[in-house]
Amino acid sequence: MKKILIVVASQVEILPQYRQPGNDFYSLQQYGIHADILISGPGAVPTVFALSRAADAYDIIINGGIAGSFTEQLPLGNVVLIDSDSFADYGVDDNGTFRHIDNILPPLQKALPLRELVNPYTIKPNTKLLGVRGITVSTVSGSNERIAMIKRSWDAQVETMESAAVFYVCLKLGKPFFCLRAVSNYVEPRNRKNWKIDLAVQNLWNELDLLVSYLNTL
Ligand SMILES: O=C(O)c1cccc(C(=O)CC[C@H]2O[C@@H](n3cnc4c(=O)[nH]cnc43)[C@H](O)[C@@H]2O)c1
């Protein structure tokens, strides 16, 4: 059996019957899933902190969660595998033009590029899942101006608040990882009524269950 850790940002992204309120790190064994779960808290910083402390004890890390889609070709409820990701809002607003921090400051010797993180692990567990390009932001995009700016700067299909952080930690530690996200909303001017979180979480966990079972056969 592989030691597998599923890291999610919040309770909301856990299937209701698998939730343990007040507990942010536990085994899913009793629910028939041979993996542990870690709830990191939303955003890149809590994710880097929580995952860096936990990752050493695991063979494989899976980031699960919901995401916004930039395209109606990726409808609500669809589950995708993020192949590459970027810290998309790390930079400078140069009089209305976004300039990424990687293009402004010289990188440290051992730094990973924050604007282009690629998953090198080639296991494709479930060919139904579409591989996509993601971006990670610290504020969910919810106005026309911001969405237009993000679309001009990045050619991405999904937006999250944590996936680049998982890429960063796992690449740094050399841990195999997968980033599975279910589309809960379109990236559009904020309208919470349009979000389909329950559908996304249900579909996400169907795929997580399949992925964990598959990885445990390897
Ligand atoms: O406003 C609310 O009531 C509300 C309820 C549940 C969740 C939220 C979020 O804002 C979720 C952020 C969370 O989910 C990921 N996520 C989902 N959609 C997006 C998006 O369009 N852009 C960025 N991140 C998104 C994200 O990874 C966060 O962890 C609000």
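Source: prediction; values computed, not measured.

Asker: Is there a simple way to think about the site of the ligand in this case?
Answerer: As a structural note, the neighbourhood of the ligand is formed by 17 residues, with Glu 159, Glu 162, Asn 185, Arg 190 and Arg 192 the closest of them. Here a nitrogen atom of the ligand sits 2.7 Å away from a polar atom, N or O, in the side chain of Asn 185. The separation between an oxygen atom of the ligand and a polar side-chain atom of Arg 192 is 2.7 Å. Here the ligand has 600 Å² of accessible area as a free molecule, and 80% of this is covered by the chains. The cavity that encloses the ligand is the largest pocket. Those elements that provide at least two residues to the shell around the ligand are β4 (60–69), β10 (158–160) and β11 (177–186). Residues belonging to the shell around the ligand are distributed by class as follows: 7 nonpolar, 4 polar and 6 charged.

Asker: I'm lost on the confidence of the model for the protein in this one. Help?
Answerer: Should the pLDDT be low somewhere, the predicted coordinates at that spot are not to be read in detail. When pLDDT is averaged along the protein, the result is 95, and 98% of the positions lie at 70 or above. With pTM at 0.96, the complex prediction returns an ipTM value of 0.96.

Asker: What exactly am I supposed to notice about the pairing of β4 here?
Answerer: Consecutive side chains along a regular strand alternate between the two faces of the sheet. Extensive coverage of β4 is indicated by the burial of 10 of its 10 residues. In β4, alternate side chains face the same way, and those of Ile 60, Ile 62, Gly 64, Ile 66 and Gly 68 on one face and Ile 61, Asn 63, Gly 65, Ala 67 and Ser 69 on the other are all buried. Here β4 pairs with β11 via 9 bridges, running parallel. Paired with Ala 67 across the strands is Val 183, a residue of β11. Bridge count for β4 against β10 is 2 bridges, and the pairing is antiparallel. Note that in β10 the partner of Ser 69 across the bridge is Val 158.

Asker: Help me understand the state of the cysteines, please; the structure alone is not making it clear to me.
Answerer: Following the criterion strictly, the structure yields 0 disulfides and no others. The closest cysteine sulfur to the non-disulfide-bonded Cys 170 is located on Cys 179, 9.0 Å from its own sulfur. Looking at Cys 170, the relative accessible area reads 0%, which means it is buried.

Cut-off values and rules
Residues numbered from 1 in each chain as written. Predicted model: local features only at pLDDT ≥ 70, side-chain atom pairs only at ≥ 80, totals over all residues. Heavy atoms only, no water. Near = heavy atom within 4 Å. Polar contact = N/O pair within 3.5 Å; in protein donor to acceptor, adjacent residues only side chain to side chain. Areas by Shrake-Rupley, 256 points an atom, 1.4 Å probe, with all protein chains shown as cover. 1 Å grid on protein atoms, 1.4 Å probe; cavity = no way out; pocket = protein on both sides within 12 Å on 5 of 7 lines; lining within 4 Å. Sits in = over half its atoms within 2 Å of the grid points. Helix = DSSP H or I, 4+ residues; strand = E, 2+ residues; numbered from the N terminus. Nonpolar A, V, L, I, M, F, W, Y, C, P; charged D, E, K, R; others polar. pLDDT = per-residue confidence, 0-100. Buried < 20%, exposed > 50% of the residue type's maximum accessible area, 1.4 Å probe, protein only. Pairing = 2+ DSSP bridges. Disulfide = S-S within 2.5 Å.

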